[in-house]
Amino acid sequence: METLKTRLLFTSGAPPMEDPRYGGGIYELTLNEDAWSYQKVHSGNCHGLIAHGDNLIAVDDQLGIMEMDRDYRIIRSQPLPQGVRAHGVSYSEAAHSFYVAYTYGDKVQELDRELRFQREFSLSRKHARNGEPYHHCNDCLVVGESLYVSMFSITGNWKRNVFDGVVLEFDLVTGEKVGPVIADLWMPHNVGLIDGSLVVLDSLRGRMLKENAQPVGEFPGFTRGLGHDGAYFYIGQSRNR
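This is a predicted model, so every value here is computed, not measured.

1. Considering the environment of Ser124
Next up, step 1: Locating Ser124 in the fold gives a position in the loop between strand S11 (117-122) and helix H1 (126-130).
Next up, step 2: Taking the C-alpha atoms as reference points, Ser124 and Leu31, separated by 93 residues in sequence, lie 43 Å from one another.
Next up, step 3: If we ignore the near neighbours within four places in the chain, the residues touching Ser124 are His135 and Lys177.
Next up, step 4: In this structure the side chain of Ser124 is engaged in a polar contact, spanning 3.2 Å, whose partner is the backbone nitrogen of Lys126.

Dropping the structure here:
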């Protein structure tokens, strides 16, 4: 690791602050062998962040979904529904569509390449009854004709201290729910496809699951934030719950 030179981007969902080194936003971390430095490049209450061609797609509570160039200039943005707490974001090259997970909305919305609403995937009917969140979805990933969504509770009982977390699959062709593909998770977050294998962070246990959902890494904090450059994994750690 002491010979590694690279640059990482990560988000913070904390409230935004004027301080250039603290608060919510998007940060750039530069590793130069045994030296490192970081700077905040965008201030806001941010969660999802992905590469999109030569640019970046991020989610900001105030601005909604936004596209930035590699100099962190905002090229375009589109407001998202209020009060949904947009979290993870994914993109489908085949469908030319973006997918955004709404933690407080218990659903994932599909947006076209112009960031216009197309359709949504509801985790259950519970949210429609009183507008309250039940499942606490965090991240989403599109692979082929499948949409994968991580959540705290498949039954919607996490507020009752039942953390039956899963990665749930939807069929993008029919829009129907297929079912859980990875279960027995405790507050899961990031979902990825690495080396042909679905990967998920089992956050409260501090584990990364890969290769048929087996633990391949264990970490000391609340584990969320996943990157891979072909050689190294980069794992985010938050204050434990």
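2. What to know about the nonpolar core
Next up, step 1: Core analysis: the largest hydrophobic core is formed by 15 residues, its most contacted members being Tyr99, Val108, Leu123, Leu147, Val149, Met151 and Phe170.
Next up, step 2: For this core, the elements supplying multiple residues, two or more each, are strand S9 (97-102), strand S12 (137-143), strand S13 (146-151) and strand S14 (165-171).
Next up, step 3: In this structure, Val84, Val89, Phe98 and Leu115 belong to the second largest nonpolar core, which totals 14 residues.

3. A short note on the sheet that holds S13
Next up, step 1: The sheet built from four strands is open, its strands ordered S12-S13-S14-S15 with antiparallel pairing. In the strand order of this sheet, the two ends are held by S12 and strand S15 (177-185), each with one partner. Geometrically, the sheet is characterised by an average inter-axis angle of 20° between neighbouring strands, direction not taken into account.
Next up, step 2: Relative to S15, S14 runs antiparallel, the two being bridged by five bridges. The residue bridging Leu168 from the neighbouring strand is Pro180, located in S15.

Reading the values: rules and limits
- Residues numbered from 1 in each chain as written.
- Predicted model: local features only at pLDDT ≥ 70, side-chain atom pairs only at ≥ 80, totals over all residues.
- Heavy atoms only, no water.
- Helix = DSSP H or I, 4+ residues; strand = E, 2+ residues; numbered from the N terminus.
- Contact = heavy atoms within 4.5 Å.
- Polar contact = N/O pair within 3.5 Å; in protein donor to acceptor, adjacent residues only side chain to side chain.
- Core = buried A, V, L, I, M, F, W, Y, C linked by side-chain atoms within 4.5 Å.
- Buried < 20%, exposed > 50% of the residue type's maximum accessible area, 1.4 Å probe, protein only.
- Pairing = 2+ DSSP bridges.
- Axes fitted to C-alpha atoms, helices over the stretch in contact; angles between N-to-C directions.

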